[in-house]
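Each chain, written out:
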Amino acid sequence: MDIKQLKFLVALDETRHFSQAAARCHVTQPTLSMRLRTLEDELGLQLVIRGQRFEGFTPEGERILAWARSLLAAQDGLLAEAASCRGQLVGTLRLGVVPLAGFDPMRLVRAFGERHPSLRFELFALSSEQILERLSRNLLDLGLSYLERLDDAHFASLPLGETRMGLLHDERHFRFDAPSLSWEALAGLPLGLLTGGMHFRQSIDHALRSRGLSLAPRLQTDAVHHLLQAVGAGLCCAIMPLDSGLEALDSRLTLTPIDNASTLAPLGLILRRDSPRSALGEACFNEARELLQQR
């Protein structure tokens, strides 16, 4: 048994597809399949349910998979710890971010990158539930998510404050003279919103219901870039978080604050407490605390 076999097993779990797992591990599919069968032979267990394609893991495979993740996390932690002893922070920081977070994640990425030029980054747009689930499985190092109903026994958090809302509009199509807008002023506008079920959308719906208002959005999507495209095309305006950096993407975009508008729960940086946890995530979590205190 070697560490590559464990990486192949974890890649198969994450992709749920033999050829995609092989591509991620930079090997051919026959090589990946052969190495996994060798692992099964060494352990004397069937781990993978095979048919015409990947069909899942056996109960024994799920148990071995949990150990594989722990061993790979331990290896990552060992390498990160060794680098830390040399005064370095190296590896890939995996950061899960909720859509329309009211904190620009590039602030952290830029700060970490400036301090540690060898550090690499992977960002994933995920729901709050997905972020916590992936942190629990060591598939993420840190999460940027809402702190609502966060289990403090299993997760450490660094509050980033409330997420305030504004109306994003393209000045070629919509202009507002007032420095801020009321919820009532939005009633006659064509709006683009995230689909229901997402925390940011739930906060918008709650604000409207509490004022006896209702909106029929012109466009709904689960992708932020679709909202930006629709705003740029003049199809709608979109309710977006302030301090997200979105309006800086195009000089023609303006983000006008909405009065008394914020998400139901504050945003925060989240780190798993349980062992084994990401040494890289822990180091960046502590650095983030220092950076935010300085700024």
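Scroll up to find the structure this text is about.
Residues numbered from 1 in each chain as written. Predicted model: local features only at pLDDT ≥ 70, side-chain atom pairs only at ≥ 80, totals over all residues. Heavy atoms only, no water.

A. How the structure looks around the packing of aromatic side chains. Throughout the structure, instances matching the rule amount to two aromatic pairs. For the ring pair Phe18 and Phe54, a centre distance of 5.8 Å and an interplane angle of 85° mean the geometry is edge-to-face. Separated by 36 residues along the polypeptide, Phe18 in helix H2 (residues 18–24) and Phe54 in strand S2 (residues 54–57) bring together distant segments of the chain. Each member of the pair, Phe18 together with Phe54, is buried. With a centroid separation of 5.3 Å and an interplanar angle of 70°, the aromatic rings of Phe54 and Phe57 are classed as edge-to-face. By the burial criterion, Phe54 is buried, and Phe57 matches it. Connected via pairs of aromatic rings, a cluster forms that spans Phe18, Phe54 and Phe57. (Phe/Tyr/Trp six-rings, centres within 6.5 Å; stacked < 30°, edge-to-face > 60°. Helix = DSSP H or I, 4+ residues; strand = E, 2+ residues; numbered from the N terminus. Buried < 20%, exposed > 50% of the residue type's maximum accessible area, 1.4 Å probe, protein only.)

B. Spotlight on the side chain of Thr221. Mapped onto the secondary structure, Thr221 falls in strand S9 (residues 219–221). Accessibility expressed as a relative area gives 8% for Thr221, which makes it buried. At 3.1 Å, the side chain of Thr221 and the backbone nitrogen of Ala223 are in polar contact. (Polar contact = N/O pair within 3.5 Å; in protein donor to acceptor, adjacent residues only side chain to side chain.)

C. View of the packing of helix H1 (residues 3–15) against helix H3 (residues 29–43). The interhelical angle for the contact between H1 and H3, taken along N-to-C directions, is 110°, at an axis separation of 9 Å. Taken together, the axis directions place H1 and H3 in an arrangement best described as roughly perpendicular. Between H1 and H3 the crossing geometry is left-handed. Residue-level contacts link Gln5, Phe8, Leu9 and Leu12 of H1 to Leu32, Arg35, Leu36, Thr38, Leu39 and Glu42 of H3. The class makeup of the residues in the contact of H1 with H3 is six nonpolar, two polar and two charged. (Axes fitted to C-alpha atoms, helices over the stretch in contact; angles between N-to-C directions. Parallel < 35°, antiparallel > 145°, perpendicular 65-115°, else oblique. Left-handed = near helix turned anticlockwise from the far one by under 90°. Contact = heavy atoms within 4.5 Å. Nonpolar A, V, L, I, M, F, W, Y, C, P; charged D, E, K, R; others polar.)

D. Molecular detail of unusual backbone geometry. Although it is not a glycine, Leu100 sits at a positive phi angle of roughly 55°. With respect to the helices and strands, the residue Leu100 is situated in the loop between strand S3 (91–97) and helix H5 (105–115). With relative accessibility at 6%, the residue Leu100 sits in the buried group.

E. Representation of the packing of H5 against helix H9 (residues 279–294) within the structure. Between H5 and H9, whose axes approach to 11 Å, the crossing angle comes to 105°. The angle between H5 and H9 places the two elements in the roughly perpendicular class. Here H5 contributes Arg107, Leu108, Ala111, Phe112 and Arg115 to the contact with H9, which in turn contributes Cys284, Glu287, Ala288, Glu290, Leu291, Leu292 and Gln294. Taken together, the residues that form the contact of H5 with H9 break down as seven nonpolar, one polar and four charged.

F. Structural view of the side chain of Thr58. Looking at the secondary structure, you find Thr58 in the loop between S2 and helix H4 (59–85). Sequence-distant contacts of Thr58, that is, excluding residues within four places in its chain, are made with Gln46, Leu47, Val48 and Ile49.

G. View of empty space enclosed by the protein. The final tally for this structure, using the stated rule, is two cavities of 30 Å³ or more. Taken as a whole, the second largest cavity holds about 30 Å³ of empty space. If you go around the second largest cavity, the residues you meet are Leu135, Asn138, Leu140, Asp141, Leu271, Arg272, Arg277 and Ser278. Tallied by class, residues from the lining of the second largest cavity come to three nonpolar, two polar and three charged. (1 Å grid on protein atoms, 1.4 Å probe; cavity = no way out; pocket = protein on both sides within 12 Å on 5 of 7 lines; lining within 4 Å. Points joined across faces, edges and corners; volume = space filled by probe spheres on them.)

H. Representation of the sheet that holds strand S10 (residues 237–241) in the model. If you trace the five strands from one edge of the open sheet to the other, you get S9-S8-S10-S7-S11, paired in mixed fashion. In this open sheet, the two edge strands, each paired with only one partner strand, are S9 and strand S11 (253–262). Averaged over neighbouring strand pairs, the angle between their axes works out to 30° when direction is ignored. Of the strand pairs in this sheet, strand S8 (residues 191–194) and S10 are connected by two bridges, and their pairing is parallel. Bridge assignment links Gly192 to a residue of S10, and that residue is Ala238. Against the sheet, helix H8 (residues 224–232) contacts strand S7 (164–170), S8, S9, S10 and S11, and its axis sits at roughly 45° relative to S7. (Pairing = 2+ DSSP bridges.)

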